[in-house]
Amino acid sequence: MKDKRRNYKEKFPKNKKRPAQTTESEHLQEADDNFVFGHHATVEALQAGRGNKLFIQEDAHSDKIDQLKSLAKEHAVPLKWVPKQKLDTLSDGGVHQGIILAITPYEYLSLDELLEKNPKESEPFFLILDSLEDPHNFGSILRTADASNVSGVIIPKHRSVGITPVVTKASTGAVEYVPIARVTNLSQTVQQLKDAGFWIFGTDMEGTDYRKWQVNGPIALIIGNEGRGMSAGLKKEVDEMLAIPMEGHVQSLNAGVAASLLMYEVLRKRSDLT
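Because the structure is predicted, anything quoted here is derived from the model rather than measured. (Residues numbered from 1 in each chain as written. Predicted model: local features only at pLDDT ≥ 70, side-chain atom pairs only at ≥ 80, totals over all residues. Heavy atoms only, no water.)

> Would you mind going over the overall build of the protein chain in detail, with residue names and values included?
Along its length, the protein chain carries 10 helices and 10 strands. Per-residue burial for the protein chain yields a buried fraction of 46% across its 274 residues. Of the roughly 15,000 Å² of accessible surface on the protein chain, a fraction of 48% belongs to carbon and sulfur atoms. (Helix = DSSP H or I, 4+ residues; strand = E, 2+ residues; numbered from the N terminus. Buried < 20%, exposed > 50% of the residue type's maximum accessible area, 1.4 Å probe, protein only. Areas by Shrake-Rupley, 256 points an atom, 1.4 Å probe, with all protein chains shown as cover.)

What follows is the structure, encoded as structure tokens:
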């Protein structure tokens, strides 16, 4: 791998483009996503100040319920006791644990905002999720990203899972702590990151053993789609491919598992862990 680093730009141009008009289907999707359910996700959303109304199953009683009642009161969030059928409907059959919180919509960052939050001195480490579709995978990745000190996650606006109730629950509330930028074009995003001094990495069976990965400086790692892997266009933009050695019969790992291994490799090397 080359030692020469690209110059890190000190300033980033603001995106002044007019946002695209939202379609009716996107409005419906946003409305469906304005809930979180389950204890941990609800606690984190309340503490983050995103709660609008708390729904609790009418026969629920426990220390956890008492905690939620106190948090709702502290943050001036109305509470309503409802039958289980109401919660089943709001969660679309999800495992709600008798708790659902109506929330304000998740506010994604732009790429410029994410870069501004992470100056070059901090050696930021970004994950780029290339059209990930499984909300459980996304939630699991966010949970690990929070635990392994990832600087931010970048996702495409189209043909990719966003922040949904399932993602929030699977992340156990980590969605409130990991900065997430949503962009229109991943190839342009990668080029902007390169211009800002980042080295871009991807995964491939024929790549460099990930244990030899040089993780100093600003870096970004692309995790591909669960079935198709990385798109051909993004592969052309990668500075170096990384491989995770495997000795079994299966020739690939789940996207969330592969991402977790690589996130912790960065943490291990940057924290001088053995």
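Let us keep going from here.
> Describe the nonpolar core, naming the residues involved and giving the relevant values.
Counting residues in each nonpolar core, the largest one holds 34 residues, and the members touching the most others are F138 and W213. Looking at this core, the elements that each hand over two or more residues are strand 5 (125-129), helix 6 (135-147), strand 6 (152-156), strand 8 (199-209), strand 9 (219-223) and helix 10 (255-270). If one sorts the elements of this core by residue count, helix 10 sits on top with six residues. Discounting residues that sit within four places of it in the chain, W213 has contacts with F125, F201, I219, L221, L242, L262, E265, V266 and K269. With 20 residues, the next largest nonpolar core counts L115, V190, F198 and V238 among its residues. (Core = buried A, V, L, I, M, F, W, Y, C linked by side-chain atoms within 4.5 Å. Contact = heavy atoms within 4.5 Å.)

> Describe the sheet that holds strand 7 (residues 180-183), and please don't skip the residues or the numbers.
Strand order in the open sheet made by the six strands is 7-6-5-9-8-10, with parallel pairing throughout. Two strands in the sheet have a free side with no partner beyond their single neighbour: strand 7 and strand 10 (240-243). Direction aside, the axes of adjacent strands within the sheet are offset by 35° on average. Two elements, strand 8 and strand 9, share three bridges in a ladder whose sense is parallel. Opposite F201, over in strand 9, you have L221 as the bridge partner. (Pairing = 2+ DSSP bridges. Axes fitted to C-alpha atoms, helices over the stretch in contact; angles between N-to-C directions.)

> Which residues make up the packing of helix 6 against helix 10, and what values do they have?
Packed helices, taken two at a time, are described by their axes: the angle between them and the distance between them. Running from amino to carboxyl end, helix 6 crosses helix 10 at an angle of 10°, the nearest separation of the two axes being 9 Å. Between helix 6 and helix 10, the angle is such that the two are roughly parallel. Where helix 6 approaches helix 10, its residues N137, I141, T144, A145 and A147 are matched on the opposing element by A255, G256, A259, S260, M263, Y264 and L267. Across the contact of helix 6 with helix 10, the residue classes tally to eight nonpolar, four polar and no charged. (Parallel < 35°, antiparallel > 145°, perpendicular 65-115°, else oblique. Nonpolar A, V, L, I, M, F, W, Y, C, P; charged D, E, K, R; others polar.)

> Hey, could you go over a nonpolar patch on the surface for me, with residue numbers and the actual values?
Residues M246, L253, V257 and L261 make up a contiguous nonpolar surface patch of roughly 290 Å² in combined accessible area. Structurally, V257 is set in helix 10. (Patch = residues over 30% accessible without salt bridge, like charges linked within 9 Å, V, L, I, M, F, W, Y side chains within 5 Å. Salt bridge = Lys/Arg side-chain N within 4 Å of Asp/Glu carboxyl O.)

> Can you tell me about the sheet that holds strand 2 (residues 51-57), naming the residues and giving the values?
Ordered in space as 1-4-2-3, the four strands form an open sheet in which the pairing is mixed. Every interior strand has two partners, whereas the edge strands, strand 1 (35-37) and strand 3 (79-82), have only one. Strand-to-strand twist in this sheet, taken as the mean axis angle between neighbours without regard to direction, amounts to 25°. Running at roughly 30° to strand 4 (residues 99-103), helix 2 (residues 39-47) makes contact with strand 1, strand 2 and strand 4 of the sheet. Together, strand 2, strand 3 and strand 4 form the strand contacts of helix 3 (residues 63-74), whose direction differs from that of strand 2 by roughly 155°.

> Could you give an account of the confidence of the model for the protein chain, with specific residues and numbers?
This prediction gives the protein chain a mean pLDDT of 83; 85% of its residues lie at or above 70. Per-element confidence in the protein chain ranges from a low mean pLDDT of 35 for helix 1 (residues 24-32) to a high of 97 for strand 5. For the stretch residues 1-32, pLDDT sits under 50, and the model shows 41 contacts to residues farther than four places along the chain or on other chains. (pLDDT = per-residue confidence, 0-100.)

> Describe in detail the packing of aromatic side chains, supporting the description with residues and values.
Evaluation of the coordinates by the stated rule reveals four aromatic pairs. On the basis of an interplanar angle of 70° and a centroid distance of 5.0 Å, the ring pair of Y106 and Y108 is categorised as edge-to-face. Ring centres of F126 and F198 lie 5.1 Å apart, and the angle between their planes is 20°; on these two criteria the pair is classed as stacked. With a gap of 72 residues between them, F126 in strand 5 and F198 in the loop between helix 8 (186-195) and strand 8 connect regions that are remote in the sequence. In this pair, the class of F126 matches that of F198, namely buried. One aromatic cluster is present, built from ring pairs that chain together F125, F201 and W213. (Phe/Tyr/Trp six-rings, centres within 6.5 Å; stacked < 30°, edge-to-face > 60°.)

> Can you explain the side chain of R50? Please cite residues and give values.
The residue R50 is located in the loop between helix 2 and strand 2 in this model. For R50, a relative accessible area of 10% corresponds to the buried category. A polar contact is formed between the side chain of R50 and the backbone oxygen of T104, at a distance of 2.9 Å. With near-sequence residues (within four places) excluded, R50 lies in contact with A45, A102, I103, T104, P105, Y106 and E176. (Polar contact = N/O pair within 3.5 Å; in protein donor to acceptor, adjacent residues only side chain to side chain.)

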